[in-house]
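# Notes for the structure review
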Amino acid sequence: MSAEDWKRQAAERALTFVRPGMKLGLGTGSTAAHFVDLLGARVKAGLDVVCVPTSEATRKQAEALGIALTTLEKTPRLNLTVDGADEFDIELRLIKGGGGALLREKIVAAASGQMVVIADMSKKVDRLGHFALPVEVVPFGLESTKLHIAVQAEDAGCLGTITLRLAPGGTPFVTDNGNFILDCAFGSIPEPEILADALGVIPGVVEHGLFLGIADVIIVAGPGGVEVLSLGDEELD
Ligand code: 5RP
């Protein structure tokens, strides 16, 4: 079995969390795309749900599948968001934003009663930070913001190269919100909460890819099968 098969298995398991009439957040990335695909098949078979996509890419996919869409303006509270992750640890802390959609992903997850993360085994780590942490920043003052991030990160025990993400053509990658992404290759983030607090107060930082205390359940698939992780009080389907 390949990583793609495991992503699909995790997405299939996440469908068991969906109930008719639910308002759903739809994540971004290759794993979330499996979920959207499977959800589309259920909608075609008559499932009644309404969804908020976390990116323009997911919006296009969902529209093509005939999934009913809404916005957080019309529907400010959602029941459930299903999304992928770039890394997660045993405390269900995540790094997200590899696909550049971290801001909308965090807003949508925060608007949801429950966030279910779907991933293959390769995303599980002992300590966050091997995946370069994406930080969404406004283009104005980029170099100052980058410097500010480096100083705050060092205070939080994180050293590493901070790189402006580029699009395939070599120009800066621009998010759906018109911002840039700085990828922070720290290698290891010893205290994610301290780093998150420090990044959160830097002018020019719009959002960072540390999702702490947001995921309720992680469905992880690998050679040993599908495992459902939660912190305890979660009602698992
Ligand atoms: C996009 C994300 C994705 O969830 C994350 O990058 C995982 O993607 P994939 O499922 O393709 O590995 O955070 O901003």
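Keep in mind it's a predicted model, so treat the numbers as computed, not measured.

Here is what the cut-offs are and how they apply
- Residues numbered from 1 in each chain as written.
- Predicted model: local features only at pLDDT ≥ 70, side-chain atom pairs only at ≥ 80, totals over all residues.
- Heavy atoms only, no water.
- Helix = DSSP H or I, 4+ residues; strand = E, 2+ residues; numbered from the N terminus.
- Rg over C-alpha atoms; globule rule 2.2 N^0.38 Å.
- Contact = heavy atoms within 4.5 Å.
- Areas by Shrake-Rupley, 256 points an atom, 1.4 Å probe, with all protein chains shown as cover.
- Polar contact = N/O pair within 3.5 Å; in protein donor to acceptor, adjacent residues only side chain to side chain.
- Domains from an automatic or database assignment.
- Buried area = accessible area lost by both parts, 1.4 Å probe.
- Salt bridge = Lys/Arg side-chain N within 4 Å of Asp/Glu carboxyl O.
- Near = heavy atom within 4 Å.

## Remarks on the overall build of the chain
From N to C terminus, the chain includes 6 helices and 13 strands. By the compact-globule yardstick of 18 Å for 237 residues, the chain fits well, its C-alpha radius of gyration being 17 Å. Overall size of the chain, expressed as C-alpha extent along the three principal axes, is 50 × 35 × 35 Å. Long-range contacts, defined as pairs at least 24 residues apart, comprise 74% of the intrachain contacts of the chain with a sequence gap of at least 6. Split by element, the accessible area of the chain, about 10,500 Å² in all, is 54% carbon and sulfur.

## Structural notes on the environment of Asp183
Along the polypeptide, Asp183 turns up in strand β9 (residues 180-185). For the pair formed by Asp183 and Glu136, sequence separation is 47 residues and the distance between their alpha carbons is 8.8 Å. Residue contacts for Asp183: discarding those within four places in its chain leaves Ala132, Leu133, Pro134, Thr161, Ile162, Thr163 and Arg165. Of the polar contacts made by the side chain of Asp183, one reaches the side chain of Arg165; its length is 2.8 Å.

## Brief notes about the domain arrangement of the chain
By convention, interface size is frequently given as the accessible area that disappears when the constituent parts associate. For the chain, the domain assignment lists domain 1 (3-123 + 212-222) and domain 2 (133-204). Across the boundary between the two partners, domain 1 contributes 13 residues, which contact 13 residues of domain 2. Across the domain 1 to domain 2 interface the summed buried area is about 1,000 Å²; carbon plus sulfur atoms make up 58%. Applying the counting rule to domain 1 against domain 2 returns 1 salt bridge.

## Quick look at the site of the ligand
In the vicinity of the ligand there are 16 residues, among which Ser30, Thr31, Asp86, Gly97 and Lys123 approach most closely. In the model, an oxygen atom of the ligand is placed 2.5 Å from a nitrogen or oxygen of the Ser30 side chain. Here an oxygen atom of the ligand and a side-chain polar atom of Asp86 are 2.6 Å apart. Relative to its unbound accessible area of 370 Å², the ligand is 91% covered by the protein chains.

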